[in-house]
Amino acid sequence: MGVYLAESIVRSTVESHFDSDPTISPGLLRLHFHDCFGCDGSVLIKGKSAEQAALPNLGLRGLEVIDDAKARLEAVCPGVVSCADILALAARDSVDLSDGPSWRVPTGRKDGRLSLATEASNLPSPLDSVAVQKQKFQDKGLDTHDLLKTLCPPNGDGSKRVALDIGSPSKFDESFFKNLRDGNAILESDQRLWSDAETNEVVKKYASRLRGLLGFRFDYEFGKAMIKMSSIDVKTDVDGEVRKVCSKVN
Ligand code: HEM
């Protein structure tokens with residue numbers, strides 16, 4: 001199957017779910033992030049001791065979209081597109097559909113054969129200090145800029161949960177950073193990004209952004225950081241497979 005066909009199948013699947021529920025897009029972005037401290041689709045695997053069972057992964061949304069895309073892809077050409085690639089493509093399409101930037105997603109990830117709840121402790125937690133959050137990103141080769149560039153700007157389902165971005169909870173934009181500047185962040189850990197000297201510098205730049213006009217191009221930088229994040233600990237044929245169904249290993 002050509003890359004173009006695979007991408008268009010994922011895109012149309014995400015679009016059809018987005019049309020009936022636009023709040024699915026932050027769910028899909030977060031799902032990719034939570035998979036990506038090892039981007040191998042392991043967050044999709046079901047099981048009592050699998051990653052999904054870990055505390056930071058409770059409340060993940062959008063798994064049915066990935067399953068749907070997988071079923072459509074397998075029907076056309078079985079065994080080619082991994083669940084990890086579908087996650088990366090769906091996250092990109094979700095941001096794009098929410099008026100955010102778009103980027104080219106490198107593909108070819110293989111799916112892991114193991115999913116351990118204990119691995120979720122690598123994920124940064126809202127209870128971590130900024131220093132620990134930075135360290136957790138650094139352990140995976142991401143720096144402070146990447147942390148801020150990828151940090152939850154688009155937001156969730158205001159009816160079911162607290163929106164993390166007052167002002168424009170369903171749009172992908174700079175209002176998250178303006179809220180940090182103005183002391184209006186929802187998560188205490190997000191607000192601490194304003195007090196930490198290094199992250200403060202970056203927040204100030206993003207808060208003053210005028211899309212496309214200022215030199216500091218958040219949209220471009222966000223795409224770059226996402227590509228970096230979606231390359232963390234990627235699996236190859238040696239240690240991975242293309243799953244037939246995303247919720248279980250072959
Ligand atoms: C220091 C790092 C991070 C911390 C502490 C953090 C923490 C959180 C928390 C506590 C929530 C709320 C969960 C809930 O309502 O159940 C959340 C939601 C979210 N996060 Fe993060 N996050 C971090 C990094 C990221 C990154 C890197 C991304 C994307 C690349 C991301 C994307 C999202 C999105 C889109 C949501 C909304 C999900 C939804 O509506 O279902 N986060 N985050």
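Residues numbered from 1 in each chain as written. Predicted model: local features only at pLDDT ≥ 70, side-chain atom pairs only at ≥ 80, totals over all residues. Heavy atoms only, no water.

As recorded by an unreviewed UniProt entry, the protein carries the name peroxidase and is attributed to Arabidopsis thaliana. In the Sequence similarities (unreviewed entry) part of its UniProt record, the protein is described as follows: "Belongs to the peroxidase family." What UniProt records for the protein under Function (unreviewed entry) is the sentence "Removal of H(2)O(2), oxidation of toxic reductants, biosynthesis and degradation of lignin, suberization, auxin catabolism, response to environmental stresses such as wounding, pathogen attack and oxidative stress. These functions might be dependent on each isozyme/isoform in each plant tissue." (UniProt positions renumbered as here; feature names shortened; annotations may be inferred.)

Enquirer: Account for the packing of aromatic side chains, naming residues and giving values.
Expert: Aromatic rings in a pair are described by how distant their centres are and how their planes are angled relative to each other. Counting across every chain of the model gives two aromatic pairs. Aromatic side chains Phe33 and Phe137 sit 6.4 Å apart centroid to centroid with 25° between the ring planes, which places their arrangement in the stacked category. Of the two residues, Phe33 is situated in helix α2 (residues 24–35) and Phe137 in helix α5 (residues 130–139); the sequence distance between them amounts to 104 residues. According to the relative accessible area criterion, Phe137 is buried, its value standing at 3%. The interplanar angle of 70° and the centroid separation of 5.7 Å between the aromatic rings of Trp103 and Phe222 together place this pair among those described as edge-to-face. A residue pair is termed long-range when its members are at least 10 positions apart, and Trp103 in the loop between α4 (83–97) and α5 and Phe222 in helix α10 (residues 218–229) qualify at 119 residues. Relative accessible area serves as the criterion here: at 0%, Phe222 is assigned to the buried category. (Phe/Tyr/Trp six-rings, centres within 6.5 Å; stacked < 30°, edge-to-face > 60°. Helix = DSSP H or I, 4+ residues; strand = E, 2+ residues; numbered from the N terminus. Buried < 20%, exposed > 50% of the residue type's maximum accessible area, 1.4 Å probe, protein only.)

Enquirer: Give a description of the UniProt feature "active site" (unreviewed entry) in the protein that names residues and reports values.
Expert: Feature annotation in UniProt places "active site" (unreviewed entry) on His34, given in this structure's numbering. Filtering out sequence-adjacent residues up to four positions away, His34 remains in contact with Val43, Glu51, Pro56, Asn57, Leu60 and Leu123. (Contact = heavy atoms within 4.5 Å.)

Enquirer: Got a sec to walk through the nonpolar core? Specific residues and values, please.
Expert: Residues Leu31, Leu44, Ile66 and Phe177 are the most contacted members of the largest nonpolar core, which totals 54 residues. Those elements that provide at least two residues to this core are α1 (3–20), α2, α3 (63–76), α4, α5, α7 (175–181), α9 (197–207) and α10. A total of nine residues in this core trace back to one element, the largest contributor, which is α4. Mapped onto the domain boundaries, this core takes at least three residues apiece from domain 1 (3–121) and domain 2 (124–226). For Leu31, the contacting residues outside a window of four places in its chain are Val43, Leu44, Leu60, Arg61, Gly62, Leu63, Ile66 and Leu87. (Core = buried A, V, L, I, M, F, W, Y, C linked by side-chain atoms within 4.5 Å. Domains from an automatic or database assignment.)

Enquirer: Which residues make up the state of the cysteines, and what values go with them?
Expert: Under the definition given, this model contains two disulfides. Note on cysteine connectivity: Cys36 is disulfide-linked to Cys39, with sulfurs 2.1 Å apart. Classification of the bridge connecting Cys36 and Cys39 rests on its S-S torsion, roughly 120°, and on that basis the disulfide is right-handed. Cys39 carries the same exposure label as Cys36, and that label is buried. One disulfide in the model links Cys83 with Cys246; its S-S distance is 2.2 Å. Across the S-S bond of Cys83 and Cys246 the torsion is about -95°, and the bridge reads as left-handed. (Disulfide = S-S within 2.5 Å.)

Enquirer: Hey, could you go over the layout of surface pockets for me, with residue numbers and the actual values?
Expert: What the second largest pocket holds in volume is close to 250 Å³. Around the second largest pocket sit 20 residues that line it, and Phe37, Asp40, Ser42, Glu51 and Glu119 are the ones nearest its centre. Of the residues in the lining of the second largest pocket, the class split is five nonpolar, six polar and nine charged. (1 Å grid on protein atoms, 1.4 Å probe; cavity = no way out; pocket = protein on both sides within 12 Å on 5 of 7 lines; lining within 4 Å. Points joined across faces, edges and corners; volume = space filled by probe spheres on them. Nonpolar A, V, L, I, M, F, W, Y, C, P; charged D, E, K, R; others polar.)

Enquirer: Describe the UniProt feature "binding site: Ca(2+) 1" (unreviewed entry) in the protein, with residues and values.
Expert: UniProt feature "binding site: Ca(2+) 1" (unreviewed entry): in the numbering of this structure it lies at Asp35, Gly38, Asp40, Ser42 and Glu51. Separation in sequence by 17 residues is not matched in space for these annotated residues, since their most distant C-alpha atoms are only 11.8 Å apart. Filtering the just-named annotated residues for those lining the second largest pocket gives Asp35, Gly38, Asp40, Ser42 and Glu51. As for its position among the elements, Asp35 is in helix α2.

Enquirer: Kindly report on the pattern of salt bridges, identifying the contributing residues and their values.
Expert: Tallying each qualifying case throughout the model produces 15 salt bridges. As a salt-bridge pair, Arg72 and Asp68 come within 3.3 Å of each other at their nearest N and O atoms. Of the two residues, Arg72 and Asp68 are both situated in helix α3; the distance of four residues between them amounts to about one turn of the helix. A residue is classified by how much of its surface remains accessible, and Arg72, at 34% relative accessible area, is partly exposed. Salt bridges linked by common partners bring Glu7, Arg11, Glu15, Arg92, Asp93 and Asp96 together as one network. (Salt bridge = Lys/Arg side-chain N within 4 Å of Asp/Glu carboxyl O.)

Enquirer: Could you give me a rundown of α10, with the residues and numbers involved?
Expert: Taking 1.5 Å as the rise per residue, α10 with 12 residues should run 16 Å; its terminal C-alpha atoms sit 16 Å apart, in good agreement. Buried within α10 we find Phe218, Glu221, Phe222, Gly223, Ala225, Met226 and Met229. (Expected span 1.5 Å × (residues − 1).)

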